[in-house]
Every structure is written in C-alpha cells, then in structure tokens.
Amino acid sequence: SISVLASTFHAEWIANYCADIGSTGRYNPTKGFQTFPFPQNLNSQKEQQLETIGEAYHEHRRQLMLGMQFGLTKTYNLFHSHAITAQTVNEKDKQVASLQKHLEKTPNTISFNEAIQGILKLRELHVQMDEAVLEAYGWSDIQLRHDFYEVDYLPENDRIRFTIHPDARKEVLKRLLELNHKIHEE
C-alpha cells in the first residue's frame, strides 16, 4: 500500500537496514522493498483505510508540488524545516526566504501563505498516515509523538527532521525486525 511505503516506518527501515541509502541516497528495491515486513492479515476495512489516507497524502503532495512548481527534494526540505510551524514562520530562514522569492518570480504558482499552509497540511496528513500504519500493525501502544528531532544517520548539518520520537523509532525498528524474522521463518 502507498501508505506503508510513504510512512516513516518504511523510511526508518531503509535508513537503518538498507545501507545503500546512507552512502548514495539511492533506494535499493531488493534491500528496501523485498525485506520490508508489511502489516500482516489486514482486513478489507484496514486496507481501505490505508489506501484512502495514502491517496489523500499523495494527491495533496502532488497538488502542492504543482502549485509551488517544486520537485520532491525542495518540497521535503520545507516539510522538514523547523522554520515553518503552525505557530510561526521564520521568514529569515534561508529555505523560507528562497521559497518566497521563487513564488514571487514564478508565474502561475500559489501564494506564499498557501505554500506554508500546504506544507503544514502535508505534515498533518503524514501524521495521520503514520498513525493508520501503526494501527495496521496493531502497535497502538507506541506513542509516535511527531515533531522535529535529530536523526543520527544523516549528515551532521542536515539531521533535523519532522519525524517520530527517537524512543518510538527504536521500538518500531525493533518490532519491524522481529516481524521480518517471523515472516522469513514462516
């Protein structure tokens, strides 16, 4: 499902167990996809729920990228920028200033405010998607606590990400690995 593949769960799996991504930044389908333990024995209601949120996330991201006339990298740089929060936007931040300049000089783009609201909405949908994936695994005892955290597998100057809490990350990775082993044994 698109939800599972776009979730923080899959991203963390890749970052931690599929070494290629760290050194080259490339996704290795053999390591990243074939070894990933997808949620097991989902009923059609759960599958539909995952599909619906995944499609909503993907469509919002697509519309936002079209509106800003930005690709994935620049869009996710804004997604992970703690200069943009629901409470405040630091217009002195390099990425924020660059976004504002880009939108002003590029015809047929959305307004700066629409772009900021779009980024905030993308985060909101990402949280909903991660929560739906968490539920699909049956791990509702884990508190994901999305916010800005440092992740140690990225270069030192680029470690702050909008993601799940480090304690949640450890627990999710532990359970994904256990599930991977269980599926492999079966």
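The following refers to the structure shown. Predicted model, so just to flag it, every value in this text is computed and none were measured. Position labels on residues start from 1 in each chain and follow its written sequence. Only residues with pLDDT of at least 70 get local features here, since the model is predicted, and only at 80 or more are side-chain atom pairs given and counted; chain-wide, interface and lining totals rely on the full set of residues. Hydrogens and water molecules were not included; the side-chain quantities draw on all heavy atoms of the structure.

Our focus in this paragraph is the nonpolar core. Counting residues in each nonpolar core, the largest one holds 43 residues, and the members touching the most others are F9, M68, L99, Y137, L144 and L176. A run of H or I in DSSP counts as a helix once it spans at least four residues, and a run of E counts as a strand once it spans at least two, with each numbered from the N terminus. The set of elements that each furnish at least two residues to this core consists of α2 (8-17), α5 (44-68), α6 (72-79), α7 (94-105), α8 (112-137) and α9 (166-185). Excluding residues within four positions of it along the chain, Y137 makes contact with V4, F9, F36, P37, F38, P39, L176 and L179. Only buried residues count toward a nonpolar core, which is a set of Ala, Val, Leu, Ile, Met, Phe, Trp, Tyr and Cys residues joined through side-chain atoms within 4.5 Å. Burial classes: relative accessible area under 20% of the type maximum marks a residue as buried, over 50% as exposed, and values in between as partly exposed (1.4 Å probe, protein chains only). The contact criterion used throughout is that any non-hydrogen atoms of two residues lie within 4.5 Å.

Two kinds of site are reported from a 1 Å grid over the protein atoms alone, namely cavities, where a 1.4 Å probe fits but cannot get out, and pockets, open sets with protein on both sides within 12 Å along at least five of seven lines, and residues are called lining when an atom falls within 4 Å of a point. Grid points are joined across faces, edges and corners, and a volume is the space filled by probe spheres set on the points. One number sums up the size of the second largest pocket: a volume of about 270 Å³. In this structure, the second largest pocket is lined by 14 residues; those nearest its centre are H80, S81, H82, Q95 and D158. Counting only elements with at least two residues in the lining of the second largest pocket, the list comes to α6, α7 and β2 (160-163). Classifying every residue of the lining of the second largest pocket gives three nonpolar, six polar and five charged. For this classification, Asp, Glu, Lys and Arg are treated as charged, while Ala, Val, Leu, Ile, Met, Phe, Trp, Tyr, Cys and Pro are nonpolar and the rest, including Gly, are polar.

Along the chain, the position of I14 falls in helix α2. On the basis of relative accessible area, I14 is assigned to the buried category, the value being 9%. The sequence separation of I14 and F36 amounts to 22 residues, and the corresponding C-alpha distance is 8.4 Å.

Time to look at the pattern of salt bridges. The term salt bridge refers to a side-chain nitrogen of Lys or Arg lying within 4 Å of a carboxyl oxygen of Asp or Glu. Under the criterion given, the structure shown has nine salt bridges. Measuring nitrogen to oxygen at the nearest pair gives 3.9 Å for the salt bridge that ties K121 to E124. Of this pair, K121 and E124 are both found in helix α8, three residues apart, which corresponds to roughly one turn of the helix. Linked through salt bridges whose partners overlap, the residues forming this network are D141, E171, K174 and R175.

Purely geometric numbers; function is a separate question.
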